[in-house]
Amino acid sequence: QVQLVESGGGLVQSGGSLRLSCAASGFSLENTGIGWYRETPGKEREGVSCINRENGTFYGDSVKGRFLISRDNAKNTVTLQMNSLKPEDTAVYYCAKEPIGYCSGWLWHLGFDSWGQGTQVTVSS
């Protein structure tokens, strides 16, 4: 059974850091792409980052230079390190699996077939 479980969310002050993890089970991360997305009420789902099967990384404009995505295939986990957090980063963050593995359509969340349940990140001003 394919499962993605996010963890690491919480409440942090503006300028602080959080480290989100996406733990995969039921499949190997090795040849897949993993994307991070976030949602806030009344706004469209926003692509945050994606890491492809060749460890190529992609970031949304709003998080470039502040967030870092990485993967540990041995632990079957993808991590999103979030630094210099801003109140506008407040959202529920989701990870998702892209089986083809190249993150080609990640900005439009195309090609992702499994999603986690999300973890809440709240940044206070």
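Right above here is the structure, for reference.
Notes on the structure follow.

How each quantity is defined
- Sequence order sets the numbering: in each chain, residues are counted from 1 along the sequence as written.
- Local features are withheld for residues below a pLDDT of 70 in this predicted model, meaning they are given only at 70 or higher, and side-chain atom pairs are given and counted only at 80 or more; totals for whole chains, interfaces and linings count all residues.
- Remark: hydrogens and water are excluded; side-chain values derive from all non-hydrogen atoms of the structure.
- Secondary structure elements follow DSSP: runs of H or I of four or more residues count as helices, runs of E of two or more count as strands, with numbering from the N terminus.
- Here's how the labels work: a residue is buried when its accessible area is under 20% of the maximum for its type, exposed when over 50%, partly exposed in between, all with a 1.4 Å probe on protein chains only.
- Contacts are assigned to residue pairs with any non-hydrogen atoms lying within 4.5 Å of each other.
- The set of buried Ala, Val, Leu, Ile, Met, Phe, Trp, Tyr and Cys residues whose side-chain atoms join them within 4.5 Å is what this entry labels a nonpolar core.
- Working definition: a disulfide is two cysteine sulfur atoms within 2.5 Å of each other.

### Things to note about the environment of Asp113
Line of reasoning, step 1. Residue position: Asp113 is located in the loop between strand S9 (91-98) and strand S10 (114-115).
Line of reasoning, step 2. Classification of Asp113 as partly exposed rests on a relative accessible area of 45%.
Line of reasoning, step 3. Spatially, the C-alpha atoms of Asp113 and Ser62 are 25 Å apart, while their sequence positions differ by 51 residues.
Line of reasoning, step 4. If sequence neighbours within four positions are ignored, Asp113 has contacts with Lys97 and Pro99.

### Re the side chain of Asn52
Line of reasoning, step 1. Take Asn52: it is sitting in the loop between strand S5 (46-51) and strand S6 (57-59).
Line of reasoning, step 2. Overall, Asn52 belongs to the buried group, its relative accessible area being 7%.
Line of reasoning, step 3. If sequence neighbours within four positions are ignored, Asn52 has contacts with Thr32, Gly33, Phe58, Arg71, Gly101, Tyr102 and Cys103.

### With respect to the nonpolar core
Line of reasoning, step 1. Core analysis: the largest hydrophobic core is formed by 25 residues, its most contacted members being Ile34, Trp36, Phe67, Val78, Leu80, Met82 and Tyr93.
Line of reasoning, step 2. The element that contributes the greatest number of residues to this core is strand S3 (residues 18-25), accounting for 4 residues.
Line of reasoning, step 3. Among all residues touching Met82, those that are not within four sequence positions of it are Gly16, Ser17, Leu18, Leu20, Arg66, Phe67, Tyr93 and Val121.
Line of reasoning, step 4. Tyr37, Cys50, Cys103 and Trp106 belong to the second largest nonpolar core, which has 6 residues in total.

### Brief notes about the state of the cysteines
Line of reasoning, step 1. Evaluation of the coordinates by the stated rule reveals 2 disulfides.
Line of reasoning, step 2. One disulfide bridge connects Cys22 with Cys95, the sulfur atoms lying 2.1 Å from each other. With the S-S dihedral at roughly 75 degrees, the linkage between Cys22 and Cys95 falls on the right-handed side. Taken together, the residues span a long stretch of sequence, with Cys22 in strand S3 and Cys95 in strand S9 at a distance of 73 residues.

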